[in-house]
Amino acid sequence: MSAMRTQLIYLDHAATTPMDAHVHREMGQFCCLFFGNPATLYSLGRRSHEAVETARSRVAELLGCSPDEVYFTCGGTESDNWAVQGVAFSHMKKGKHILTSAIEHHAVLDTCKFLETIGFEVTYVPVDRHAMIDPDDVRKALRKDTILISIMHANNEVGTIEPVAEIGAVAREAGVLFHTDAVQTVGKIATKVDELGVDMLSLSAHKFYGPKGVGAMYIRKGTRIQRFMHGGGQEHNKRAGTHNVSGIAGLGAAADLALKYRDEDAERLRKLAKKLNDGLVETIPNVRSNGHPTKRLPGLVHVCVEGIEGEAMLLCLDAENICVSSGSACTTGALDPSHVLLAMGMPAEVAHGSVRFSLGRHNTEEQIDRVLEVFPPIVEKLRAMSPVYKK
Amino acid sequence: MYSERVMEHFRNPRNVGTFEDPDGVGEVGNPQCGDVMKIGIKVQDDRIADIRFQTLGCAAAIATSSMITDMARGMTLDEASRISRNDVADALNGLPANKMHCSNLAADALRAAIEDFKARQAKKA
């Protein structure tokens, strides 16, 4: 009951974000008013078509590409599936080796696992203790039959920003297609496709104040990629399905807002994240901070708290109306904790005590202060119950 | 996901702690799995006179430990060692399927404490 009286402190923006009010307004008109199918010829349909193309230009501006290189999908997961499978199937006569990393999102990893069951070979490049990939490791893992490199721009769990531009250079030198899952970076840091040196890029609207259920794929002109969604001729015959007009309009509006507010957001979030991170490490004994110390997403703080478990911390914070996430086995729903933390060389018993705070546009310093006020007593209470924690 | 009773036992766990001089201690699980339960008992006239627990684990782990210590208090050692994981889950008004292993662990920890008590008695004899 007390949770309902306390104001919500939402610190799980890496999981999803609230829709911006402007985005919501933009979307609304396409539900009951301008509801036409963009593929139809009458003016009601053309209105929807216009909205889709406006959104496309906005996304193109965010990525620094041409609008006809932007393809709308139902989200980051579809874009990742399309990139990996699409290149696998279009290039399988040339080779069957795919290079990715051990810390990718499951949308990439599980697609790779699926391809392995049908005759493809995948190398999962390891990471260091900060979840950082070495471009040299990517170069060394290249084979004559490598057809795709897929490396995420920034890791969703610990926030480390990967050296995508350097990896892009490695890919270009080897003549291999390069895809990046930029779901955690688009709208948060600069994501110009030429600077990143990518041939394909995945993004998802609900990670930057847009709606859930819509995303996009950037595909560099001239890239050969097998169609994923078969059916009607939408998206230059590359991705069938009646456009989710309101969702796409929302994505466009979110992209537009990102261009306006991204850099000032990032600066503010870095300061708040530093306050939170330093506060946690200073007030709670036996806590470690994870991810690269400097090359990291603004606003993402990840810690491991010794001697107690992530879900228990998460629910205690929930009782204070504070939303965070954890990489413990209980929260992943599997027997193992997060594959990202394990890939970083973290022992399982440390990974079980992980908590991720991901800040966003509307978080305030007062909210951070409140977290620093309530979290240490929660840790103390759980540690007093723990048979493994010794002061 | 969790019943109100599970949340209640998680928020206000009963019988937390250790004994300076326990009659039996059982510890199960391991930190690699993220679940460790330690139950200590004081025995009088073949009954559990007092019981305490410490647990590293999720809400289900803490709630099942709390519940089983509540159930076992006052039982004979025989009754207590027959508490099953379903008894604990039922007493908590159900657990999600993937959390049933926590109630298993709680029952195992209690049985281990009882076995430890018996082993100590056998040594004394």
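No experiment lies behind these values; they were computed from the predicted model shown.

Caption draft 1: The sheet that holds strand β4 (residues 121-125) of chain A, seen in detail. Residue and element names in this part refer to chain A. The mixed open sheet is built from seven strands, whose spatial order is β2-β8-β7-β6-β5-β3-β4. With one partner strand each, in any of the chains shown, β2 (70-73) and β4 form the two edges of the open sheet. Neighbour-to-neighbour, the strand axes of the sheet open up by a mean angle of 20°, direction not taken into account. Where strand β7 (residues 200-204) meets strand β8 (residues 215-219), five bridges bridge the pair, whose relative direction is antiparallel. Bridge pairing links S204 to G215 in β8. Sitting on the sheet, helix α4 (residues 76-91) is in contact with β2, β3 (97-101), β5 (146-150), β6 (177-181), β7 and β8, with an inclination near 160° to β7.

Caption draft 2: Focus on the sheet that holds strand β9 (residues 287-289) of chain A. Residue and element names in this part refer to chain A. Reading across the sheet, the three strands line up as β9-β10-β12 and stay open at both edges, with antiparallel pairing between neighbours. Each end of this open sheet is capped by a strand with a single partner; those strands are β9 and β12 (354-358). Adjacent strand axes in the sheet meet at a mean angle of 25° when their direction is disregarded. Strands in contact with helix α10 (residues 245-283) are β9, β10 (300-305) and β12; relative to β10, the strand with the most contacts, it is inclined by about 10°.

Caption draft 3: How the structure looks around the domain arrangement of chain A. Residue and element names in this part refer to chain A. Split by domain assignment, chain A resolves into domain 1 (2-18 + 262-385) and domain 2 (21-258). If you look at the interface, domain 1 gives 24 residues, while domain 2 gives 26 residues. Of all the secondary-structure elements, those providing two or more residues to the side of domain 1 that touches domain 2 are α10, β10 and α13 (339-343). The element contributing the most residues to the side of domain 1 that touches domain 2 is α13, with three residues. Here the side of domain 1 that touches domain 2 is composed, by residue class, of 10 nonpolar, nine polar and five charged.

Caption draft 4: Summary view of the interface of chain B and chain A. Chain B puts 18 residues into the contact, and the matching count from chain A is 19 residues. Elements with a contribution of two residues or more to the side of chain B that touches chain A: α1 (4-11), β2 (35-44), β3 (47-56) and α2 (59-72) of chain B. At three residues, the largest contribution of residues to the side of chain B that touches chain A is made by β3 of chain B. Looking at the side of chain B that touches chain A residue by residue, the class counts come to nine nonpolar, six polar and three charged.

Caption draft 5: Highlighting the environment of V158 of chain A. All names here are of chain A. When you line up the elements, V158 lands in the loop between β5 and α7 (164-174). Overall, V158 belongs to the buried group, with 29 C-beta atoms counted inside 10 Å. On a C-alpha basis, the gap between V158 and L300 in space is 7.2 Å, while along the polypeptide they are 142 residues apart. Not counting chain neighbours up to four residues away, the residues in contact with V158 comprise A131, N290, G291, H302 and V340.

Rules behind the numbers
- Residues numbered from 1 in each chain as written.
- Chains lettered and ligands numbered in written order.
- Predicted model: local features only at pLDDT ≥ 70, side-chain atom pairs only at ≥ 80, totals over all residues.
- Pairing = 2+ DSSP bridges.
- Helix = DSSP H or I, 4+ residues; strand = E, 2+ residues; numbered from the N terminus.
- Axes fitted to C-alpha atoms, helices over the stretch in contact; angles between N-to-C directions.
- Contact = placed C-beta atoms within 7 Å.
- Domains from an automatic or database assignment.
- Nonpolar A, V, L, I, M, F, W, Y, C, P; charged D, E, K, R; others polar.
- Buried ≥ 20, exposed ≤ 12 C-beta atoms within 10 Å, placed from the backbone.

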